[in-house]
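Read off the chains here:
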Amino acid sequence: MSVQFTVLASGSRGNASLIRAGGSGLLIDLGLGAKDLSRRMEEVGAHWDSLSAALLTHTHGDHVSDPNLNALVRHGVPLYCHEGHLNNLSRFRSFVELDRLGLIRCYDDRPFLAPDGKRVEPIMLSHDGGPTYGFRIEARHAPRSRRVALGYLTDTGCWTRTMADALTDVDLLGVEFNHDVQMQRESSRAPYLIARNLGSRGHLSNDQGAALITEVFQRSAPRHLRQVVLLHLSEQCNRPSLALDAARSAIREADRKCKAHAAAQWVPHPHLPIIPARGKLRTSAGFPWEALAAASPDETFSLRAD
């Protein structure tokens, strides 16, 4: 048994990923149609009732939808979002109902504990969709098992050393490889859209994603970062082969043992076990994880570190 990471969908037509451990799942984003998302979860052996929570990166339409918020209402699943998301989310009738039921939990820049014990560290990104976050998530498949760490970073026009530092020693990294720069510039898209995607509040290119992988390798012990998942590939301005070539080049140059996978838009892929590395796992210094583990979900946010 292991912690499982599955990309249910990734791209401009909809985004959702799933992290499962110990029979419980954490859903990242809800950007598909409700029936499609339900079907894809079923294809990998998951369902709404097995979710402990849903986690929102930002409020663009390819990351959240009213029908899926309604599914959270029906199954009593809490939604974790940023306070800066609330105004945009309030246009959804199902969000209002989630709020009425007390199922809205707001995160900020500090780490917190999800209801099933997964440790979530938000990472502020640079995107034009309002507050946008990636995450470092740590989980165990059983109470006494070794923790694994996963990084999830997509929808950002640039990356910083602070972002890379938050991803130190992850075992799996999901990172945006949105476009090939030449294909983007030569595309038939409107000039403003090309400029937006190439800008610092747009999306990472293959080269930028590869540079971030290199930076994370440099900060991490050799035993960590054994799998890389390339996210949010553009249908018009990228090809899986181009993205994979860029990622694999970074892996070769770092002389690391690491597999690269390109996520898909239309089918769940990849569906990966995360194997914990040997040795001490980097964690947030001074953060009271043990106190949080003993706390009830309603107490979680009162125990945040200063």
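Since the structure is predicted, the reported quantities are computational estimates derived from the model, not experimental observations.

How each quantity is defined
Residues numbered from 1 in each chain as written. Predicted model: local features only at pLDDT ≥ 70, side-chain atom pairs only at ≥ 80, totals over all residues. Heavy atoms only, no water. Buried < 20%, exposed > 50% of the residue type's maximum accessible area, 1.4 Å probe, protein only. Helix = DSSP H or I, 4+ residues; strand = E, 2+ residues; numbered from the N terminus. Arc of directions from axis to C-beta. Pairing = 2+ DSSP bridges. Axes fitted to C-alpha atoms, helices over the stretch in contact; angles between N-to-C directions. Phe/Tyr/Trp six-rings, centres within 6.5 Å; stacked < 30°, edge-to-face > 60°. Parallel < 35°, antiparallel > 145°, perpendicular 65-115°, else oblique. Left-handed = near helix turned anticlockwise from the far one by under 90°. Contact = heavy atoms within 4.5 Å. Nonpolar A, V, L, I, M, F, W, Y, C, P; charged D, E, K, R; others polar.

### Here we look at helix α4 (residues 93-100)
Right, so step 1: Among the residues of α4, Ser-94, Phe-95 and Leu-98 are the ones counted as buried. Angularly, the buried residues of α4 cover 105 degrees about the axis, an arc narrow enough to put them on a single face. Along α4, the residues that are exposed and aim more than 90 degrees away from the buried face are Arg-93 and Arg-100.
Right, so step 2: Two residues or fewer after α4 comes Gly-102, characterised by a positive phi angle close to 75 degrees.

### Focus: the sheet that holds strand β14 (residues 271-274)
Right, so step 1: In space, the seven strands of this open sheet follow the order β6-β5-β4-β3-β2-β1-β14, with mixed pairing throughout. Of all strands in the sheet, those with a lone pairing partner are β6 (104-107) and β14, marking the two edges. Each strand axis lies, on average, 20 degrees off the axis of its neighbour in the sheet, ignoring direction.
Right, so step 2: Looking at chain direction, strand β4 (residues 51-55) and strand β5 (residues 79-82) are connected through two bridges and run parallel. Within β5, the residue paired with Ala-54 across the bridge is Leu-79.

### Quick notes on the packing of aromatic side chains
Right, so step 1: With the rule as written, the count across this model stands at five aromatic pairs.
Right, so step 2: Plain terms: the ring middles of Tyr-80 and Phe-112 are 5.1 Å apart, the flat faces sit at 5 degrees to each other, and that makes the pair stacked. On the criterion of sequence distance, the pair formed by Tyr-80 in strand β5 and Phe-112 in strand β7 (residues 112-113) is long-range, its members being 32 residues apart.
Right, so step 3: Residue class for Tyr-80 comes out buried when judged on its relative accessible area of 2%.
Right, so step 4: Taking 5.4 Å as the distance between ring centres and 85 degrees as the angle between the ring planes, the aromatic pair formed by Tyr-107 and Tyr-133 counts as edge-to-face.

### Description of the packing of helix α2 (residues 66-75) against α4
Right, so step 1: Running from N to C, α2 and α4 cross one another at 25 degrees; their axes reach a closest spacing of 8 Å. Classified by the angle between their axes, α2 and α4 sit roughly parallel to one another. Handedness of the α2/α4 crossing: left-handed. Residues Asp-66, Leu-69, Asn-70, Leu-72 and Val-73 of α2 touch α4, and the partners they reach there are Arg-93, Ser-94, Phe-95, Glu-97 and Leu-98.
Right, so step 2: By residue class, the composition of the contact of α2 with α4 is five nonpolar, two polar and three charged.

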